[in-house]
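This is what each chain is made of:
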Amino acid sequence: MPKSRSELKILLLQIREGGQVREEEHASFAAYSGLQPHQIEVLNVFDTPEFPVTVADDYDALFVGGASEANVLKPEEFPFVDTCQDLLRHCALIGKPVFASCFGFQLVVLALGGEILHKDDDFEMGTLPILLTDASIDDPLFRDIPNGFPAVSVHRQYAADLPASCEVIAYTQQCIHVLRVKEKPFWAFQFHPEVDKKTLVERLTHYKAHYTDGDGHLDRVLASAVETPESNHLVAKFVDRVLLA
């Protein structure tokens with residue numbers, strides 16, 4: 001028999017060094033998935049940089065969060081980048097359900113043989129309209145989402161192409177935003193489905209020295225931000241339509 005919602009156990013692979021954002025990310029995944037916080041156990045790679053590829057095998061799914069203190073293109077500085085990729089390759093191989101956000105998207109692309117690029121200037125930041133491909137029409141998560149839905153996106157690294165094992169579900173003019181590993185319950189998002197407008201304001205304010213050119217730039221980005229309900233509902237759709245289907 002399928003599990004009930006209260007029986008699910010998720011592993012959150014977290015790439016956060018600061019305590020405040022660690023707690024906020026965990027709370028956001030819990031709130032938007034409809035799960036209790038205790039159902040989502042955290043493996044933070046800053047605390048535990050080495051772990052076996054089987055670490056998620058006994059969980060119902062793997063969530064992967066974002067990062068601002070790490071760079072996916074610098075494994076020599078952040079050795080857990082390679083370990084995370086090993087885990088994601090293993091999950092794709094065995095068909096473990098995966099929901100990966102932002103830094104998690106970049107890890108997936110690299111893990112499956114793709115390329116991640118970098119922008120120093122004019123990178124995406126704020127809330128953006130996300131465009132859908134034809135592959136979204138029958139996708140369990142995207143079949144009832146309107147084209148051009150808004151989502152929170154803040155990133156310097158991005159993907160322009162995908163590995164052959166993946167298909168593009170959504171994109172912006174700058175880059176690919178959603179991939180699905182073909183024939184697997186495995187999705188990755190360059191935007192942040194777990195982050196809403198309120199959290200974007202808090203997080204960008206916290207990391208303004210990292211992403212913005214000062215208070216004026218930050219104010220312009222935040223003033224243009226909108227609510228992102230369709231994006232935020234994706235986490236619960238993953239639970240309802242994939243884990244509990």
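Here the structure is a predicted model, which means the values were calculated and not measured. (Residues numbered from 1 in each chain as written. Predicted model: local features only at pLDDT ≥ 70, side-chain atom pairs only at ≥ 80, totals over all residues. Heavy atoms only, no water.)

Colleague: Break down the pairing of strand S9 (residues 166-171) for me, with residues and values.
Modeller: Direction of pairing for strand S6 (residues 125-132) relative to S9: antiparallel, over a ladder of two bridges. Bridging from a neighbouring strand, leucine 132 pairs with alanine 170 of S9. (Pairing = 2+ DSSP bridges. Helix = DSSP H or I, 4+ residues; strand = E, 2+ residues; numbered from the N terminus.)

Colleague: Talk me through the packing of helix H2 (residues 80-94) against helix H3 (residues 103-111); I want residue IDs and the actual numbers.
Modeller: Helices that pack against each other are described as a pair by the angle of their axes relative to one another and the distance between those axes. For the pair H2 and H3, interaxial distance at closest approach is 9 Å and the crossing angle is 75 degrees. Here H2 is positioned roughly perpendicular relative to H3, judged by the angle of their axes. The residues of H3 that touch H2, namely those facing Val81, Cys84, Gln85, Leu88 and Arg89, are Phe103, Gly104, Leu107, Val108, Leu110 and Ala111. Residue classes in the contact of H2 with H3 are distributed as eight nonpolar, two polar and one charged. (Axes fitted to C-alpha atoms, helices over the stretch in contact; angles between N-to-C directions. Parallel < 35°, antiparallel > 145°, perpendicular 65-115°, else oblique. Contact = heavy atoms within 4.5 Å. Nonpolar A, V, L, I, M, F, W, Y, C, P; charged D, E, K, R; others polar.)

Colleague: Let's hear about the environment of alanine 111: which residues, and what values?
Modeller: Along the chain, alanine 111 falls in helix H3. Alanine 111 gets classed as buried once you look at its relative accessible area, which sits at 7%. Spatially, the C-alpha atom of alanine 111 lies 9.7 Å from that of alanine 92, the residues being 19 residues apart in sequence. (Buried < 20%, exposed > 50% of the residue type's maximum accessible area, 1.4 Å probe, protein only.)

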